[in-house]
Amino acid sequence: MRVYNFSAGPAMLPIDALNVAQSELTDWQGSGMSVLEVSHRSKSFVACAAETEALLREVMSIPTGYRVLFLQGGASGQFDAIPLNLTAPGATVDFFKTGQWSAKAIKAAQAQQLQVNVVADRAESNYTDTPAADSFTIDPDAAYVHYTPNETIGGVEFGYIPETGDVPLVADLSSTILSRPIDVSRYGLIYAGAQKNMGPSGLCVVIVRDDLLGKARPGTPSIWNYQAMAEADSMLNTPPTFGIYLLGLILKWVRDLGGLSAMAERNQAKAAALYDYLDASDYYSNPVAADSRSWMNVPFLQANPELDKAFVEQATAAGLTNLGGHRSVGGMRASIYNAMPLEGVEALIDFMTDFETRNR
Ligand code: PMP
């Protein structure tokens, strides 16, 4: 019995990819072993990692001149690794602060002795919107500009790519990667923890422009040194093998459904169904500005917050799991990543209507 899992991450994965993984788990490619038991240096696994990278390049249309790295340590590891790889201590960097994840990235950059200039701080809206595209000024001497295109906790998503001139743009795409087409050429560096749209936790994907390699500070841990990892094809040490394998299966699923434009259509329809329902309701509400609403994470409140626990419990009993809001904001949150079908969102809406009828 599969449930509709609305977790923010680790999150629901496509059943087709899980079924393939299950069917070949105990005997991968006729090896008599699972992929979990195969050496990362074996011919077959090296080919598997190369195939995953090729699929990612194809699905995301990654231009030449970018390296793809399969790392560990999660997106949080990159909060530190990016300053270590791209800057000298004391350098100035520009950050957008649009929620709790960008705030954490800022703290890490400051701890790595960077002068952080916050070009837009949306704490003043309680992180319910993104800055207007013409409301900020980028320092042309900044080492890079960092932003979080989708804030997983607040459910706030940029509707545009910030214009940064010649300053490299760095994006934490953890909770929106693969959700729609993206112009990779606009970015200096993209990173994403895999455990939402890409597979299991333990894998972090970094896509970095060649000219940003080779600038790491002395003493940067080698497993987080982009140049060293690029030279070793991400295999300086044992990589997260199962994650790389499963990402390959998920990318085939994305490709076979029609790629990122098909994902965008699917995700837009799901988000529209839920936001339209919330906007038409006088019992439920979503606090986010209309132009900044996430396609992936939809926080919502009900008129009787004392019933939040009952809502989450009864939803779970109905096969709709992990709807509790983030512990810091309360309420509810539905994460509707790529693998969530429209039927899951419709089932949630039906449940919400029923819950309201019984409780208002
Ligand atoms: N950035 C964003 C936008 C996230 O949603 C998360 C995790 N939810 C992180 C960073 C941290 O990722 P990790 O747990 O992989 O370090």
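Each value, and the rule that gives it
Residues numbered from 1 in each chain as written. Predicted model: local features only at pLDDT ≥ 70, side-chain atom pairs only at ≥ 80, totals over all residues. Heavy atoms only, no water. Disulfide = S-S within 2.5 Å. Buried < 20%, exposed > 50% of the residue type's maximum accessible area, 1.4 Å probe, protein only. Helix = DSSP H or I, 4+ residues; strand = E, 2+ residues; numbered from the N terminus. Expected span 1.5 Å × (residues − 1). Contact = heavy atoms within 4.5 Å. Pairing = 2+ DSSP bridges. Axes fitted to C-alpha atoms, helices over the stretch in contact; angles between N-to-C directions. Near = heavy atom within 4 Å. Polar contact = N/O pair within 3.5 Å; in protein donor to acceptor, adjacent residues only side chain to side chain. Areas by Shrake-Rupley, 256 points an atom, 1.4 Å probe, with all protein chains shown as cover. 1 Å grid on protein atoms, 1.4 Å probe; cavity = no way out; pocket = protein on both sides within 12 Å on 5 of 7 lines; lining within 4 Å. Sits in = over half its atoms within 2 Å of the grid points. Nonpolar A, V, L, I, M, F, W, Y, C, P; charged D, E, K, R; others polar. Points joined across faces, edges and corners; volume = space filled by probe spheres on them.

S.K.: Got a minute to help me understand the state of the cysteines in this structure?
M.R.: Here is the idea: a disulfide is a covalent bond, and it sits between the sulfur atoms of two cysteines. Applying the stated rule across the entire model yields zero disulfides. Looking at the unpaired cysteine 48, the closest cysteine sulfur is the one in cysteine 204, lying at 18 Å. Among the residues examined, cysteine 204 registers a relative accessible area of 0% and is labelled buried.

S.K.: What is the right way to read helix α7 (residues 259-280) from this model?
M.R.: Note on helix geometry: an α-helix contains 3.6 residues per turn, so any two residues three or four positions apart are oriented the same way. Relative to the 32 Å expected for 22 residues at 1.5 Å per residue, α7 spans 32 Å between its end C-alpha atoms, a close match to the ideal helical length. As for α7, its buried residues are in contact with α2 (43-60), α6 (241-256), β11 (284-285), β12 (297-302), β14 (332-335) and α9 (342-359).

S.K.: I keep staring at the sheet that holds strand β4 (residues 115-121) and nothing clicks. Help me out?
M.R.: Where strands meet in a sheet, backbone hydrogen bonds hold them as pairs that are either parallel or antiparallel. The strand order β2-β10-β9-β8-β5-β3-β4 describes an open sheet built from seven strands, whose pairing is mixed. Only two strands of the sheet have a single partner each, and these edge strands are β2 (66-71) and β4. On average, adjacent strands in this sheet sit at an angle of 15° to one another, irrespective of strand direction. Here strand β8 (residues 169-172) runs beside strand β9 (residues 189-193); their pairing, made up of three bridges, is parallel.

S.K.: Help me out: how do you make sense of the site of the ligand in this one?
M.R.: Taken together, 13 residues sit near the ligand, with Ser76, Thr152, Asp172, Gln195 and Lys196 positioned nearest. Alanine 75 is positioned such that a nitrogen or oxygen atom in its backbone is 3.1 Å from an oxygen atom of the ligand. A distance of 2.8 Å is found between a nitrogen atom of the ligand and a side-chain nitrogen or oxygen belonging to lysine 196. Here the ligand loses 84% of its free accessible area of 400 Å² to cover by the protein chains. Here the ligand occupies the largest pocket. Residue composition of the shell around the ligand, grouped by class: three nonpolar, eight polar and two charged.

S.K.: Whenever I open this one, the layout of surface pockets confuses me. Can you help?
M.R.: If you roll a probe as big as a water molecule over the atoms, it shows you where there is empty space left. Within this model, the largest pocket holds a volume of roughly 350 Å³. Gly9, Trp101, Thr152, Gln195 and Lys196 are the residues nearest the centre of the largest pocket, which is lined by 22 residues in total. Listed by contribution, the elements that provide at least two residues to the lining of the largest pocket are α3 (74-86) and α4 (100-111). A class-by-class count of the residues in the lining of the largest pocket yields five nonpolar, twelve polar and five charged. Approximately 300 Å³ is the volume found for the second largest pocket. Forming the walls of the second largest pocket are 18 residues, and the residues nearest its centre are Asn126, Thr128, Gly154, Pro287 and Val329. The element best represented in the lining of the second largest pocket is β12, accounting for three residues.

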